[in-house]
There are 2 protein chains.
Amino acid sequence: MTASHPATGDAGPAVLLLSGGLDSTTLLALAVRDGYRVHALTFRYGQRHALEVEAAAHAAHRYGAVAHQIASIDLAMFGGSALTNSAAEVPKNTTDNASGSGIPVTYVPARNTIFLSFALAWAETLGARDIFIGVNALDYSGYPDCRPEFITAFERMAALATRAGVEGSAPVRVRAPLIDMRKSEIVRLGLSLGVDYASTTSCYDPDISGRACGRCDACRLRLQGFLANGTADPAAYVTA
Amino acid sequence: MTASHPATGDAGPAVLLLSGGLDSTTLLALAVRDGYRVHALTFRYGQRHALEVEAAAHAAHRYGAVAHQIASIDLAMFGGSALTNSAAEVPKNTTDNASGSGIPVTYVPARNTIFLSFALAWAETLGARDIFIGVNALDYSGYPDCRPEFITAFERMAALATRAGVEGSAPVRVRAPLIDMRKSEIVRLGLSLGVDYASTTSCYDPDISGRACGRCDACRLRLQGFLANGTADPAAYVTA
């Protein structure tokens, strides 16, 4: 009940991008703990599997979002990514998370720009000053739109794009508290917040019953994150 | 057939935001004249009338776009604008285009940010260096996302959001050649390019047969633009 315990105050409304994966579910638990009235926003965007939308709805309810919207957009119409192209192969057992050097084939062009733009629309309508996004620069350094300089540039653009930019009121802040954390640190944070990771989805290529493949970049990073905390990942995997 | 005649060269692929209204149709004719292989992008976004989507398809074909995509997004889910809220009244016969001082009720939160984000996704997939948008700062100074400083900030953000930002290749340029033009100048340009304005839509509140109301901000601006050129607007109006 003191200022040092952020759970007690009302930090105001916020929009939070919620995929239903490990990072954004941890982010949700963190923002709710810190007193934000979280308006969670999830996208159906032509991804090859929609299990994560179900996981997002579950998380929004379980961790105390005050509202949850699911927006349908078709990023597959533009092509350009293994994640939105049913014919493309998701890489497995590669030597690093960037699938070799450069940008992973799982990169979806301008995805975070589009997601943040929708979040900005909702934030402006709500009068929310904060947008939360669970990007992570250390583990996903190959994605251009996961880097701190991108987040800063989006924030600057957003300040000019909205009423605040004309009326001189406080602009929206884009908060990415996980950006400098290792996967093991994110798992540790989530466990301390009571997150049940059994129902989060991270796999790029799950089987039809939703079990993770254990071999794609996302699975490998996640498994290492739990291993570093001396605990097992409670999610269901095809491979042991 | 010289460098001074831009119609003769291939200026490369470009993505162009096409609403089907007067400004974006003029922009399309201009970009095609200048040698761009225009990929036109139109949105269905929960607006109260979809006639402009038909007008956009017509214009894309007539003025030589090499491709036309229509993306469906639901901006009405967030509320906040008379243009996406069927219960809100579109203002008529107001004293200026901003409907009094400040930001018009027809402003849709973050709309141009969202539109440009989709255009960015397509541009990156195509390898296009140019995105065209028909914003106009003089006539729409009340819209925060029609100002030159917004366009510049979006361009800076886009350079960091995409492969170009990591790989060091040339970033996308956001071109807004109409931004400093008066409506009368845009009409003059379009007439010189052979644009048939009979089939463009500008009205915020047309009747069910598509006739413009003649009284909303968009109609008043447009009618003045033709008047200043000493010619009549060929579009159909409810009022003479």
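Analysis parameters
- Residues numbered from 1 in each chain as written.
- Chains lettered and ligands numbered in written order.
- Predicted model: local features only at pLDDT ≥ 70, side-chain atom pairs only at ≥ 80, totals over all residues.
- Helix = DSSP H or I, 4+ residues; strand = E, 2+ residues; numbered from the N terminus.
- Buried ≥ 20, exposed ≤ 12 C-beta atoms within 10 Å, placed from the backbone.
- Pairing = 2+ DSSP bridges.
- Axes fitted to C-alpha atoms, helices over the stretch in contact; angles between N-to-C directions.
- Expected span 1.5 Å × (residues − 1).
- Contact = placed C-beta atoms within 7 Å.
- Nonpolar A, V, L, I, M, F, W, Y, C, P; charged D, E, K, R; others polar.
- Least-squares fit on C-alpha atoms with pLDDT ≥ 70 in both.
- pLDDT = per-residue confidence, 0-100.
- Right-handed = clockwise from strand over helix to strand, strands pointing away.
- Core = buried A, V, L, I, M, F, W, Y, C linked by C-beta atoms within 7 Å.
- Parallel < 35°, antiparallel > 145°, perpendicular 65-115°, else oblique.

Focus: the overall build of chain A
1) Next: Within chain A, the regular secondary structure consists of seven helices and five strands.
2) Next: N-terminal to C-terminal, the α/β element order of chain A is β-α-β-α-β-α-β-α-α-β-α-α.
3) Next: Expressed as a percentage of the 240 residues in chain A, the buried residues total 50%.

Description of the sheet that holds strand S5 (residues 173-175) of chain A
Residues and elements named next belong to chain A.
1) Next: Pairing within the open sheet is parallel, and its five strands lie in the order S3-S2-S1-S4-S5. Of all strands in the sheet, those bounded by a partner on one side alone are strand S3 (67-72) and S5. On average, adjacent strands in this sheet sit at an angle of 25 degrees to one another, irrespective of strand direction.
2) Next: Sheet analysis places strand S2 (residues 36-44) next to S3, joined by six bridges and oriented parallel.

Remarks on helix H1 (residues 22-33) of chain B
All names here are of chain B.
1) Next: Between its terminal C-alpha atoms H1 stretches 17 Å, which fits the 16 Å expected from twelve residues at 1.5 Å a residue.
2) Next: The element H1 is extensively covered by neighbouring structure, given that eleven of its twelve residues are classed as buried.
3) Next: Residues of H1 that are buried include every one of Leu22, Asp23, Ser24, Thr25, Thr26, Leu27, Leu28, Ala29, Leu30, Ala31 and Val32, and no others.
4) Next: Against strand S1 (12-17), strand S2 (36-44), helix H2 (51-62), strand S4 (130-132), helix H6 (183-192) and helix H7 (217-228) lie the buried residues of H1.
5) Next: Phi for Gly35, located one or two positions after H1, is positive at around 95 degrees.

Some points on the interface of chain B and chain A
1) Next: In this complex, chain B contributes 35 residues to the contact, which on the side of chain A involves 36 residues.
2) Next: Broken down by secondary-structure element, the contributors of at least two residues to the side of chain B that touches chain A are strand S3 (67-72), helix H3 (111-126), helix H4 (148-161) and helix H5 (163-167) of chain B.
3) Next: Considered class by class, the residues forming the side of chain B that touches chain A number 21 nonpolar, eight polar and six charged.

Some words on the relation of the copies chain B and chain A
1) Next: It takes a turn of 180 degrees to lay chain B on chain A, together with a shift of 0.0 Å along the axis; the resulting RMSD is 0.0 Å. Given the turn and translation reported, the copies of this chain are related as if by a two-fold rotation axis.

Quick notes on the environment of B:Ile70
1) Next: Positionally, B:Ile70 belongs in strand S3.
2) Next: Residues within four places of B:Ile70 in sequence aside, it is in contact with B:Thr42, B:Arg44 and B:Val53.

Concerning the confidence of the model for chain A
Residues and elements named next belong to chain A.
1) Next: On average, residues of chain A carry a pLDDT of 85, and 84% of them reach 70 or more.
2) Next: Segment residues 1-6 is flagged for pLDDT under 50; beyond a separation of four residues in sequence, or across chains, it makes four contacts in the model.
3) Next: Confidence over residues 94-101 falls short of pLDDT 50; this stretch has 14 contacts with residues more than four positions distant or in other chains.
4) Next: The ipTM for the predicted assembly is 0.87, set against a pTM of 0.88.

With respect to helix H7 (residues 217-228) of chain A
All names here are of chain A.
1) Next: Over its twelve residues, H7 runs 17 Å from end to end, which matches the ideal 16 Å to within 8%, given 1.5 Å per residue.
2) Next: Every buried residue of H7 is accounted for by Asp217, Ala218, Cys219, Arg222, Gly225 and Phe226.
3) Next: Buried residues along H7 sit against helix H1 (22-33) and helix H6 (183-192).
4) Next: Among the residues trailing H7, Gly230 stands out with phi positive, at a value near 65 degrees.

Quick look at the pairing of strand S1 (residues 12-17) of chain A
On a regular strand, one side chain projects to one face of the sheet and the next to the other, so that they alternate.
Residues and elements named next belong to chain A.
1) Next: Two elements, S1 and S2, share six bridges in a ladder whose sense is parallel. Counterpart to Leu16 in the pairing with S2 is Ala40.
2) Next: In this fold, S1 hands off to H1, which returns the chain to S2; that crossover is right-handed.
3) Next: Examined bridge by bridge, S1 and strand S4 (residues 130-132) share three bridges and lie parallel to one another. The partner of Ala14 across the bridge, within S4, is Asp130.

What about the sheet that holds S1(B)?
Residue and element names in this part refer to chain B.
1) Next: Read from one edge to the other, the open sheet built from five strands follows the order S3-S2-S1-S4-S5, with strand pairing classed as parallel. Strands at the two margins of the open sheet, each flanked by one partner only, are S3 and strand S5 (173-175). Taken over all neighbouring pairs, the strand axes of this sheet differ in orientation by 25 degrees on average, direction set aside.
2) Next: Pairing of S4 with S5 involves three bridges; the strand directions are parallel. Counterpart to Ile131 in the pairing with S5 is Val174.
3) Next: Its contacts with the sheet place H2 against S2 and S3, and it is angled at close to 170 degrees to S2.
4) Next: Where H3 meets the sheet, its contacts fall on S1, S2, S3, S4 and S5, and the angle it forms with S1 comes to roughly 165 degrees.

Digging into the nonpolar core
1) Next: Counting 143 residues, the largest nonpolar core has A:Leu16, A:Leu28, B:Leu16 and B:Leu28 as the members making the most contacts within it.
2) Next: Each residue touching B:Leu28, except ones within four places of it in the same chain, is listed here: B:Leu16, B:Leu18, B:Val38, B:Ala40, B:Ala59, B:Tyr63 and B:Ala65.

What to know about the environment of A:Lys183
1) Next: Inspection of the secondary structure puts A:Lys183 in helix H6.
2) Next: Sequence separation between A:Lys183 and A:Gln69 is 114 residues, and the spatial gap between their C-alpha atoms is 27 Å.

Remarks on the packing of helix H3 (residues 111-126) of chain A against H3(B)
When two helices pack together, their arrangement is given by the angle between the helix axes and the distance between those axes.
1) Next: Put simply, H3(A) and H3(B) touch, their axes get as near as 9 Å, and they point 170 degrees apart. Taken together, the axes of H3(A) and H3(B) are roughly antiparallel relative to one another. Note on element contacts: H3(B) touches H3(A) through B:Thr113, B:Ile114, B:Ser117, B:Phe118, B:Leu120 and B:Ala121, opposite A:Thr113, A:Ile114, A:Ser117, A:Phe118, A:Leu120 and A:Ala121.
2) Next: Residues that form the contact of H3(A) with H3(B) fall into these classes: eight nonpolar, four polar and no charged.

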